[in-house]
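Structural features, examined
Each chain, written out:
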Amino acid sequence: MLLDATELDVRYGRNHAVKAVSVGLDQGEIVTVLGANGAGKSSLLKALLGTVRADGTVLFDGTDISGWSAPRRVRAGLVMVPEGRQIFVSLTVHENLLMGAWCRSDDPEPETEAIYERFPNLAERRHLPASVLSGGEQQMLAISRALLARPKLMMLDEPSLGLSPILVKQLFELIRDLNRDGLAIMLVEQNTRMALATAQRGYVLELGSVVLKGRASEISGDARLEDAYLGGNADRASPRSIPGKEIE
């Protein structure tokens, strides 16, 4: 197993954000983490990356990294694309891209050119401030920046947030392409339909705890998925029609 995290606990003062959560992911697998706002999804990713303090154990590629700093985890191949992209709008597109290679000692130029071939829009704007990019282009830049760190596992936090349906479709095609190239992906995503159609397995969080886990095809038909978003007393409906999950 590439990632095996057990009994993770995250607290912010009195707020118990992640409660004894155990998650795992195999090499070459896509796993999605679903749940309503405030369920603990982003806190879980930050705990895995080491940017928030967490109790529990994190094994990555056979090594216990529980006590490692976030930079050391990145060097080991555990990389996250944060919610909101967090690109540096005052830097050029190319400068933003090179930020992803901070942990490397070799020349990233061959890989940057490969990225520009994959994303011609970024190539055309490589010398312009990143502020000129559209929302979709900014997300492509954030993912490309993460790729320059040579990840074994890429964690994506709400990558489709704010994107049009056409760009959401293109984004998920990219995620599948990266996975076909051998990259393992953990996907936190509000678009439940697209996430479950893309992932092999999933976890559903509610108030910091895992309430449902299994194969994506099984989760998509389980009423507990709807409960995690709408509450157990809500009228039953297909999980594929949960409101607000696909941004227009």
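In this report, we go over the structure that sits alongside the text. This is a predicted model, so every value here is computed, not measured.

A word on helix H6 (residues 135-147)
Relative to the 18 Å expected for 13 residues at 1.5 Å per residue, H6 spans 19 Å between its end C-alpha atoms, a close match to the ideal helical length. A large share of H6 lies buried, amounting to 12 of its 13 residues. Residues Gly136, Glu137, Gln138, Gln139, Met140, Leu141, Ala142, Ile143, Ser144, Arg145, Ala146 and Leu147 constitute the buried set of H6. Buried positions along H6 lie against strand S6 (78-81), helix H3 (93-98), helix H4 (109-118), helix H5 (120-124), strand S7 (153-157) and helix H7 (165-180).

Description of the sheet that holds strand S4 (residues 55-60)
Judged by pairing direction, the sheet is antiparallel, and its 4 strands sit side by side in the order S2-S1-S4-S5 without closing on themselves. Edge positions in the sheet fall to strand S2 (15-25) and strand S5 (63-64), since each of these pairs with one other strand and no more. Packed onto the sheet, helix H1 (residues 41-49) meets strand S1 (3-12), S2 and S4 and runs at close to 115° relative to S1.

Section: H1
Of all 9 residues in H1, 7 are buried; the element is thus mostly enclosed. Count one or two residues on from H1 and you reach Gly50, which has phi positive near 90°.

Thoughts on the side chain of Ser160
Within the secondary structure, Ser160 sits in the loop between S7 and H7. Residue class for Ser160 comes out buried when judged on its relative accessible area of 5%. A distance of 2.5 Å separates the side chain of Ser160 from the side chain of Glu189, its partner in a polar contact.

Focus: the pairing of strand S9 (residues 201-206)
Within S9, 5 of the 6 residues are buried, which leaves it mostly tucked inside the rest of the structure. Pairing of strand S3 (residues 30-34) with S9 involves 4 bridges; the strand directions are parallel. Residue pairing in the sheet places Leu34 in a bridge with Val204 of S9. Of the pairings in the sheet, the one linking S9 to strand S10 (residues 209-215) comprises 6 bridges and is antiparallel in character. What sits directly across from Arg201, in S10, is Arg215.

Basis of the calculations
Residues numbered from 1 in each chain as written. Predicted model: local features only at pLDDT ≥ 70, side-chain atom pairs only at ≥ 80, totals over all residues. Heavy atoms only, no water. Helix = DSSP H or I, 4+ residues; strand = E, 2+ residues; numbered from the N terminus. Expected span 1.5 Å × (residues − 1). Buried < 20%, exposed > 50% of the residue type's maximum accessible area, 1.4 Å probe, protein only. Contact = heavy atoms within 4.5 Å. Pairing = 2+ DSSP bridges. Axes fitted to C-alpha atoms, helices over the stretch in contact; angles between N-to-C directions. Polar contact = N/O pair within 3.5 Å; in protein donor to acceptor, adjacent residues only side chain to side chain.

In short, the description is geometric, and any link to function would need to be established separately.
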